[in-house]
Amino acid sequence: DVQLQASGGGLVQTGGSLRLSCTASGFSFDEYVIGWFRQAPGKERVRVSCIYSPDGSTFYDDSVRGRSTISSDNAKNIVYLEMNRLKPEDTAVYYCAAERLAATKRMCRGELFGSWGQGTLVTVSS
């Protein structure tokens with residue numbers, strides 16, 4: 001049974017930093033892609049970042065590229081998203097998701113992910 005839990009959200013000021021965690025269980029972590037997605041109030045869910053655990057390759061959406069870092073601790077089945085220089089537009093519920101590498105074909109697209117965790121809220125105040 002695939003289970004994912006996102007945590008680490010909170011209230012931060014513009015320019016601050018936050019580290020989100022996604023703890024996974026119930027599957028072979030090194031055979032999966034883990035992705036971070038977010039949904040702001042009144043907006044559609046969009047991708048943030050993905051990590052391809054088997055080799056550590058990463059993808060960042062343009063909205064966060066250069067100020068975010070995704071990393072994994074495969075031994076602990078945890079994926080982190082470090083976000084820096086946060087902006088009010090980063091305010092959203094952040095979700096982590098998992099899917100077999102073969103099913104995603106190395107594309108970081110939410111519609112390709114089948115397992116989702118509960119979101120964690122990030123609020124960036126101005």
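Caption draft 1: How the structure looks around the packing of aromatic side chains. For the structure shown, the criterion picks out 3 aromatic pairs. Where Phe37 meets Phe113, the ring centres are 5.2 Å apart and the plane angle is 70 degrees; that geometry is what we call edge-to-face. Pair noted here: Phe37 is in strand S4 (residues 32–39) and Phe113 is in the loop between helix H1 (101–104) and strand S10 (115–116), with a separation of 76 residues, a long-range link. The buried category is assigned to Phe113, whose relative accessible area is 6%. Plain terms: the ring middles of Phe37 and Trp116 are 5.0 Å apart, the flat faces sit at 50 degrees to each other, and that makes the pair tilted. Of the two residues, Phe37 is situated in strand S4 and Trp116 in strand S10; the sequence distance between them amounts to 79 residues. Judged by relative accessible area, Phe37 falls into the buried class, the value being 2%. Here the aromatic cluster, defined as three or more aromatic residues joined through ring pairs, consists of Phe37, Phe113 and Trp116. Sitting over the face of the ring of Tyr52, Arg106 holds its NZ or CZ atom 5.4 Å from the ring centroid.

Caption draft 2: Just the state of the cysteines, in detail. Counted by the stated rule, this structure contains 2 disulfides. A sulfur-sulfur separation of 2.2 Å characterises the disulfide bridge that pairs Cys22 with Cys96. Every disulfide takes its handedness from the sign of the S-S torsion; for Cys22 and Cys96 that torsion is 75 degrees, giving right-handed. Linking Cys22 in strand S3 (residues 18–25) with Cys96 in strand S9 (residues 92–100), this pair joins segments that are 74 residues apart in sequence. For the pair Cys22 and Cys96, a shared accessibility class is recorded, and that class is buried. Note that Cys50 is cross-linked by a disulfide to Cys108, the S-S spacing being 2.0 Å. The chirality of the disulfide connecting Cys50 with Cys108 is right-handed, given an S-S dihedral of about 75 degrees. Residue Cys50 is found in strand S5 (residues 46–52), and its partner Cys108 is found in the loop between H1 and S10; the two are separated by 58 residues along the sequence. When its relative accessible area of 0% is taken as the criterion, Cys50 is described as buried. Here Cys108 falls in the buried class, since its relative accessible area comes to 4%. Regarding the disulfides, the chain carries the connectivity 1-3, 2-4 under sequence-order numbering of its bonded cysteines.

Calculation notes
- Residues numbered from 1 in each chain as written.
- Predicted model: local features only at pLDDT ≥ 70, side-chain atom pairs only at ≥ 80, totals over all residues.
- Heavy atoms only, no water.
- Phe/Tyr/Trp six-rings, centres within 6.5 Å; stacked < 30°, edge-to-face > 60°.
- Helix = DSSP H or I, 4+ residues; strand = E, 2+ residues; numbered from the N terminus.
- Buried < 20%, exposed > 50% of the residue type's maximum accessible area, 1.4 Å probe, protein only.
- Lys NZ or Arg CZ within 6 Å of the ring centre and 35° of its normal.
- Disulfide = S-S within 2.5 Å.

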